[in-house]
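# Commentary on secondary and tertiary structure
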Amino acid sequence: MIAAQSLLGSVYGHRELVAELVKRELRDRHTGQLLGALWAYGHPLLLMLMYSLLFAYVFPTRVGSSGGHPDFAVNVLIGIVSWLAFQDLLARSSTILTAHASLVKQIIFPVVVLPIKTAIASALPYSIALLFTIGYAAVSGTLTFMVLTVPFLIAIQLIAMTGVALMLSALGIFFRDLRDIVTIFCAVNLFAQPILFNPYVTPSWMNWVFHFNPFSYQVWCWQDALYFGAFQHPAAWIVFPLGAVSCLAIGYAVFSRLQHGFGDAL
């Protein structure tokens, strides 16, 4: 509890710095390009358009959407949105501090804001993809009162992403191979979640894989909110929030414990 208060106090006290760093990161990612920071939002939107066309029109018979089940494309889209935001963070987390070595070495700079701004900057571009998915769900008829849980899910996912960013950024300074390990994990993990699989005909052995994958609970909550329109996976609504809070607590504890050695390691 004390650690959480300390982290929240640090974020609130440096909220203007965090906002400026988020703005700068989104701008710097596309420096020199004609559309600049618009690509940060355009890329996720183009992905959503591609997946919606693919699963709504190219492979509709393979997912059984005509057999009385909701439009399977919504199931895929919301799973993709939630995972890609997390994947973007994972890809950047292990190098957050090494990429800002000059700032980390400054004694007066609040280093903890770097993982936090990266978590926000990774999630923010996918807001347009989320709005697209909500609109698609409304057109497909899968939108129910469960859409009211979306702000809650956004907050919980940001908490989880912040915890992961804190942990991986601290460990990434001392274990440089972490970046390659995370890259391999991201490539494999898309297929180890209940995203591209039809929930009505998924093999039983794959369900075991999903249950052992902590990222599945996040996906299930999002799918309940916008695809199933009900608490189809009640356990996920317990595991996901508790896991996110635990991730934040552990991530901040690891970051605080290792912070004194950042300067020497860099």
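Note on numbering: residues in each chain are counted from 1, in written sequence order. Totals for whole chains, interfaces and linings use every residue, but because this is a predicted model, local features are given only for residues with pLDDT of at least 70 and side-chain atom pairs only at 80 or more, for both listing and counting. Only heavy atoms go into the side-chain values, all of them from the structure, while hydrogens and water stay out.

Each helix is a run of DSSP H or I of at least 4 residues and each strand a run of E of at least 2, with the numbering of both proceeding from the N terminus. Counting its regular elements, the chain contains 15 helices and 0 strands. Under the scheme applied here, a residue whose accessible area is under 20% of the maximum for its type counts as buried, over 50% as exposed, and between as partly exposed, the area being computed with a 1.4 Å probe on protein chains only. Residue burial in the chain is summarised as follows: out of 266 residues, 46% are buried. Whether two residues are in contact is decided by their heavy atoms: any pair within 4.5 Å suffices. Long-range contacts, defined as pairs at least 24 residues apart, comprise 79% of the intrachain contacts of the chain with a sequence gap of at least 6. Surface accessibility in these figures is a Shrake-Rupley result with a 1.4 Å probe; residues are shielded only by whichever protein chains are displayed. Of the roughly 13,400 Å² that the chain leaves accessible, carbon and sulfur atoms contribute 69%.

A contiguous nonpolar patch, built from Trp39, Leu46 and Leu49 and spanning about 270 Å² of accessible area, is present on the exposed surface. With respect to the helices and strands, Leu46 occurs in helix α3 (residues 38-58). Patch construction takes residues with relative accessible area above 30% that form no salt bridge. Like charges are linked within 9 Å, and nonpolar side chains (Val, Leu, Ile, Met, Phe, Trp, Tyr) are linked within 5 Å. For salt bridges, the criterion is a side-chain nitrogen of Lys or Arg within 4 Å of an Asp or Glu carboxyl oxygen.

All right, on to helix α14 (residues 236-258) then. Across its 23 residues, α14 extends 32 Å between first and last C-alpha, which sits within 8% of the 33 Å expected from 1.5 Å per residue. Among the residues making up α14, those that are buried are Ala236, Trp237, Phe240, Pro241, Ala244, Cys247, Leu248, Gly251, Tyr252 and Phe255. Here the expected length of a helix is defined as 1.5 Å per residue gap, with one fewer gap than residues.

Geometry of an aromatic ring pair is reported as the spacing of the ring centres plus the angle between the planes. Any Phe, Tyr or Trp ring, taking Trp's six-membered ring, that has another such ring centre within 6.5 Å forms a pair; planes under 30 degrees apart are called stacked, those over 60 apart edge-to-face, and the others tilted. Counting across every chain of the model gives 11 aromatic pairs. A ring pair is formed by Phe255 and Phe262, whose centres lie 5.3 Å apart and whose planes are at 75°; its orientation type is edge-to-face. With a relative accessible area of 0%, Phe255 lands in the buried category.

Another point: the pattern of salt bridges. Working definition: two side chains of opposite charge can pair if their charged atoms are close together. One pass over the structure, following the stated rule, counts 2 salt bridges. The closest approach of N and O atoms between Glu25 and Lys117, which form a salt bridge, is 2.4 Å. Remark: Lys117 occurs in helix α8 (residues 113-123) and Glu25 occurs in helix α2 (residues 15-28); sequence separation between them is 92 residues. The class of Lys117 is buried, set by a relative accessible area of 4%. A salt bridge links Asp88 to Arg92; the shortest N-O distance between them is 3.0 Å. Taken together, the residues span about one helical turn, with Asp88 and Arg92 both in helix α5 (residues 72-93) at a distance of 4 residues. Residue class for Asp88 comes out buried when judged on its relative accessible area of 15%.

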